[in-house]
Amino acid sequence: MEYSDFLLNIIPTLLLEILAASAGIFYLKKVKATGSEKVFVAFLWITVFFEILGSYSGFAYFSNYTVFGFVKETPFRNNYWLSNIYILLNNLVYIYFFGTKLKNKWAKNSISGVSVIMILAVLIDFASSDFYTEISRVSTIFGSLLVLSTILLFYLELLASEKLLALRYDLSFYISVIILIYTLCISPLDYLSNYFKTSTGNHLFVSFRVYTLLILNILLYLTFTFAFIVCSKKKK
């Protein structure tokens, strides 16, 4: 992977993240948004912040540490620590977003209880594993399964409700579909990234993961943008 590949990945992704977050603000101004929708839009702006902050490691590495050279001999040389924090936050926001859509109290309480267990498990994993040089397996596996389970419960309730006939302006439905696809695709790559790194000579896998992530990010944020624009047309 070259410096140009790094820029080709980060610039389109950042621009689309800003586009989606801006579309989210537009949506909030047009409709009477729920609390979870406001949290989701705020999280998109947090994602932009993480994207900008996390780019330091790429600029440092590809400039041979002439840029951000102070991180070269520190645990912050890679941005795995930042990715670990973001993945946990990302999972919690998605679980919260779809959890608030659930009407069944047992399902909602179960998701809340398992979420607390997940947080504790991930924090223990952060403390016991190499937080700075690899992505947390517990966060990747446990978090992804919980996100997928929450979306599944959301679908089950959707099938049994009258909302199934009015999905055109249902923001949560659009978001659920793309997050389902994204999570199923990216979680295995995140897990395997701990075993296949450039430092171990696995440049092919690293390049495959980078370009797959770029395609998925384009799909993810364009879908968010589309969903916000379409759903902003619903009446308050």
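Preceding this paragraph is the structure being described.
Anyway, here's the lowdown on the structure attached to this text. These numbers were taken from a predicted model, which means no experiment stands behind them. (Residues numbered from 1 in each chain as written. Predicted model: local features only at pLDDT ≥ 70, side-chain atom pairs only at ≥ 80, totals over all residues. Heavy atoms only, no water.)

Moving on, we get to the packing of aromatic side chains. Here the distance between the centres and the angle between the planes together describe a pair of aromatic rings. Evaluated as defined, the whole model comprises 23 aromatic pairs. Here the basic side chain of Lys 101 rests over the ring of Phe 97, its NZ or CZ set 4.9 Å away from the ring centre. (Phe/Tyr/Trp six-rings, centres within 6.5 Å; stacked < 30°, edge-to-face > 60°. Lys NZ or Arg CZ within 6 Å of the ring centre and 35° of its normal.)

This part is about the side chain of Ser 115. Locating Ser 115 in the fold gives a position in helix H5 (residues 105-128). Excluding its chain neighbours within four sequence positions, the residues that come into contact with Ser 115 are Ile 95 and Leu 146. (Helix = DSSP H or I, 4+ residues; strand = E, 2+ residues; numbered from the N terminus. Contact = heavy atoms within 4.5 Å.)

The next thing to look at is the nonpolar core. The biggest cluster of nonpolar side chains holds 56 residues, and the ones touching the most others in it are Phe 40, Leu 44, Ile 175, Ile 179, Tyr 221, Phe 224 and Phe 228. Within the residue set of this core, elements represented by two or more residues are helix H1 (3-30), helix H2 (35-54), helix H3 (56-62), helix H4 (80-99), H5, helix H6 (137-159), helix H7 (171-192) and helix H8 (203-231). In this view, Phe 228 contacts Ala 20, Ala 23, Gly 24, Tyr 27, Phe 40, Val 41, Leu 44 and Leu 171; residues no more than four positions away in its chain are not counted. (Core = buried A, V, L, I, M, F, W, Y, C linked by side-chain atoms within 4.5 Å. Buried < 20%, exposed > 50% of the residue type's maximum accessible area, 1.4 Å probe, protein only.)

Below, the discussion takes up the pattern of salt bridges. Where charged atoms from two side chains of opposite charge come close, those side chains can pair. Tallied over the entire structure, the rule returns one salt bridge. Two residues, Arg 137 and Glu 134, come together in a salt bridge whose shortest N-O distance is 3.1 Å. A residue is classified by how much of its surface remains accessible, and Arg 137, at 25% relative accessible area, is partly exposed. Classification of Glu 134 by relative accessible area gives buried; the value is 17%. (Salt bridge = Lys/Arg side-chain N within 4 Å of Asp/Glu carboxyl O.)

Together, Leu 152, Leu 156, Leu 159 and Leu 164 line one region of the surface with nonpolar side chains, adding up to about 390 Å² of accessible area. With respect to the secondary-structure elements, Leu 159 resides in helix H6. (Patch = residues over 30% accessible without salt bridge, like charges linked within 9 Å, V, L, I, M, F, W, Y side chains within 5 Å. Areas by Shrake-Rupley, 256 points an atom, 1.4 Å probe, with all protein chains shown as cover.)

The next subject is H6. For H6, built from 23 residues, the straight-helix expectation of 33 Å at 1.5 Å per residue is met to within 8% by its first-to-last C-alpha distance of 33 Å. Every buried residue of H6 is listed here: Ser 139, Thr 140, Gly 143, Ser 144, Leu 146, Val 147, Leu 148, Thr 150, Ile 151, Phe 154, Tyr 155 and Leu 158. Each element contacted by the buried residues of H6 is listed here: H4, H5 and H7. For H6, the N-terminal cap is Ser 136; the gap from its side-chain oxygen to the backbone nitrogen of Val 138 is 3.5 Å. (Expected span 1.5 Å × (residues − 1). Polar contact = N/O pair within 3.5 Å; in protein donor to acceptor, adjacent residues only side chain to side chain.)

To continue, consider the environment of Leu 102. Relative to the helices and strands, Leu 102 resides in the loop between H4 and H5. Apart from the residues within four sequence positions on either side, Leu 102 is in contact with Ala 107, Lys 108, Ile 111, Thr 150, Leu 153, Phe 154 and Glu 157.

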